[in-house]
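An overview of the molecular structure
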Amino acid sequence: MYGVVFWLTLVTYFFGCRELSKGLDKQIKSKRPIASIARGSAFDTRKEYILVTGGTGYIGSHTVLKLIEEGYDVVVLDNLSNSVVEPLRRIERILGLKNQIPFYEADLLNYDDINAVFKKYRVSCVIHFAALKAVEESTREPLRYYDNNFGGTVNLLKAMQENSVKNIVFSSSATVYEYSGKDSYTEDSKLACTNPYGRTKLFMESVIEDIYNTAAGTDKQMNAVILRYFNPFGAHPSGLMGEDAGQLPNNLMPYIAQVAVGELDKVHVFGADYNTKDGTGVRDFIHIMDLARAHVYSVKKTSENCGLKVYNVGSGSGYSVLEMIEAMKEACNCQIPFVIDGRRSGDVDKVVCDPTKAERELGFKVEYTLKDMCRDLWRWQQANPHGYRTKAEKSN
Ligand SMILES: NC(=O)c1ccc[n+]([C@@H]2O[C@H](COP(=O)([O-])OP(=O)(O)OC[C@H]3O[C@@H](n4cnc5c(N)ncnc54)[C@H](O)[C@@H]3O)[C@@H](O)[C@H]2O)c1
């Protein structure tokens with residue numbers, strides 16, 4: 001008797017599991033390849049949305065905050081390859097929202113996934129941040145960079161075309177300028193790149209220009225604002241949001257901040273024999289909240305049928321590496337040990353932007369000072385020494 005019950009139970013269990021697993025399979029199949037909505041409930045067919053790719057990343061998340069503050073509805077897409085979802089929760093905390101920012105964990109390399117987001121939301125403009133961004137890594141893994149940055153952008157532009165989305169704001173970089181030794185770079189300065197990362201930006205600028213030229217004068221007229229960023233740093237003044245740099249940050253200021261907070265030993269200053277005021281390299285720095293605001297202005301610009309526009313986004317002032325260490329020392333009121341090492345290949349004396357075109361045409365001017373940038377970076381770094389993650393999560 002017990003034997004019959006046992007076998008009956010086993011058979012029922014076995015077929016039950018198969019049915020259950022078939023059901024799950026169906027569900028998964030029907031859900032794929034649609035991007036999984038990881039969080040966020042806000043969705044309204046009457047509204048127009050700004051789609052932010054790379055919106056959980058450093059610049060993307062601060063821009064999402066600024067857009068929502070300015071009354072825009074936003075949908076975020078990111079594959080979380082260099083970020084976590086936490087910044088969206090922090091934005092909601094700052095703005096007093098609850099699980100309201102729609103987020104899709106999706107990869108730009110999966111066309112069907114991104115197309116599904118366009119099919120669901122009425123997108124009026126895309127801000128395209130999603131990319132890999134480490135120059136040195138790009139020299140070791142050029143194909144990964146071309147595939148992700150270039151391939152991802154082509155997919156995005158195709159999905160925009162298929163869904164008649166005509167407006168885009170694109171994240172480019174000062175790395176597209178050919179080094180000229182001039183005091184500052186205007187948007188007309190000569191372009192040339194020395195590394196695969198920079199080339200992906202330059203190629204993508206060209207692709208956008210090609211599409212713009214093809215569509216010009218037709219009902220498919222496109223509006224594109226290409227922003228060439230100089231060196232963003234700093235954090236939201238609340239200290240709740242900032243740059244979640246990796247174990248060994250690639251950029252100067254996150255590195256200095258990690259030394260200040262005791263996570264790294266010392267700053268390496270690469271070269272003190274440049275033709276600059278103190279021999280160390282000079283760069284143009286911009287507060288992350290200023291940069292985020294430049295995107296809001298750019299979205300407005302696209303809605304005015306601006307055609308194709310290119311703007312430098314920087315402060316127009318140059319600070320040397322030693323000046324930056326000094327400024328951070330003041331902000332944190334602590335010592336920041338450093339050593340002078342040899343020059344790195346590819347580094348140059350001075351890269352500073354001429355910001356007049358953005359001021360004239362976009363009405364954009366930086367509001368935060370160097371002191372503000374260091375103060376906010378320090379506030380964020382002290383409260384979040386390992387970024388949005390714990391030390392253990394970060395080292396994984
Ligand atoms: N931070 C800088 O100093 C700087 C300077 C100039 C230009 N930029 C450009 O600005 C943009 C944003 O930079 P950031 O500093 O915020 O970088 P970030 O790494 O913090 O953000 C980029 C985001 O894109 C996501 N991503 C990457 N590939 C993706 C893909 N295939 N599909 C979906 N998501 C993907 C990452 O997960 C990440 O969240 C990048 O395009 C970068 O090249 C940055």
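Here the structure is a predicted model, which is why all the values come from computation and not from measurement.

1. Focus on the overall build of the protein
Check the secondary structure of the protein and you find 13 helices and 14 strands. Per-residue burial for the protein yields a buried fraction of 43% across its 396 residues. By sequence separation, contacts in the protein at least 24 residues apart represent 81% of the contacts at least 6 residues apart.

2. A few points about the environment of S320
Residue position: S320 is located in strand β12 (residues 318-320). Here the alpha-carbon distance between S320 and T276, two residues 44 residues apart in the chain, equals 7.9 Å. Leave out the neighbours within four places in its chain, and S320 touches T276, K277, D278, T280, G281 and V282.

3. Topic: the packing of helix α4 (residues 111-120) against helix α6 (residues 142-162)
It is the contact of α4 with α6, at a shortest axis distance of 9 Å, that shows an interaxial angle of 40°. Where α4 crosses over α6, the two elements pack in a sense that is right-handed. Residues Y111, I114, N115 and F118 of α4 form the contact with α6, whose own contacting residues are N155, L156, K158, A159 and E162. Grouping the amino acids of the contact of α4 with α6 by side-chain chemistry returns five nonpolar, two polar and two charged.

4. Digging into helix α7 (residues 196-215)
Between its first and last C-alpha atoms α7 spans 28 Å; for 20 residues at 1.5 Å apiece the expected length is 28 Å, and the two agree. Inspection of α7 places P196, Y197, G198, R199, T200, K201, M204, E205 and I208 among the buried residues, and these make up the whole buried set. Buried residues along α7 sit in contact with α5 (135-140), α6, β6 (167-173) and β7 (223-229). With its phi angle positive at about 80°, G217 sits one or two positions after the end of α7.

5. Focus: helix α2 (residues 58-69)
In a regular helix each residue adds 1.5 Å, so twelve residues correspond to 16 Å; α2 covers 17 Å between its end C-alpha atoms and thus fits that length. Burial analysis of α2 places ten of its twelve residues in the buried class, the great majority of the element. Listed as buried for α2 are Y58, I59, G60, S61, H62, T63, V64, L65, K66 and L67. Just beyond α2, the residue with positive phi is G71, at close to 95°.

6. A few points about the environment of K309
Relative to the elements of secondary structure, K309 occurs in strand β11 (residues 308-313). A residue is classified by how many C-beta atoms lie within 10 Å of it, and K309, with 19 of them, is partly exposed. In the structure, K309 is positioned 100 residues away from E209 in sequence and 9.7 Å away in space, judged by C-alpha atoms. In this structure K309 touches V225, K301 and E361, once residues within four positions along its chain are discounted.

7. So, the pairing of strand β2 (residues 49-53)
Where burial is concerned, most of β2 is hidden: five out of the five residues are buried. The alternating pattern of β2 places Y49, L51 and T53 and I50 and V52 on opposite faces, both of which are buried. Crossover β2 to strand β3 (residues 73-78) through α2 is right-handed. By the bridge criterion, five bridges tie β2 to strand β5 (residues 123-128) in an arrangement that is parallel. For T53, the partnering residue across the bridge sits in β5 and is H128.

8. Brief notes about the site of the ligand
Around the ligand, the structure places 28 residues, and the nearest of them are G54, G57, S83, A131 and S173. For the shell around the ligand, the residue count by class is eleven nonpolar, 14 polar and three charged.

What counts, and where the lines are drawn
Residues numbered from 1 in each chain as written. Predicted model: local features only at pLDDT ≥ 70, side-chain atom pairs only at ≥ 80, totals over all residues. Helix = DSSP H or I, 4+ residues; strand = E, 2+ residues; numbered from the N terminus. Buried ≥ 20, exposed ≤ 12 C-beta atoms within 10 Å, placed from the backbone. Contact = placed C-beta atoms within 7 Å. Axes fitted to C-alpha atoms, helices over the stretch in contact; angles between N-to-C directions. Left-handed = near helix turned anticlockwise from the far one by under 90°. Nonpolar A, V, L, I, M, F, W, Y, C, P; charged D, E, K, R; others polar. Expected span 1.5 Å × (residues − 1). Right-handed = clockwise from strand over helix to strand, strands pointing away. Pairing = 2+ DSSP bridges. Near = placed C-beta within 6 Å.

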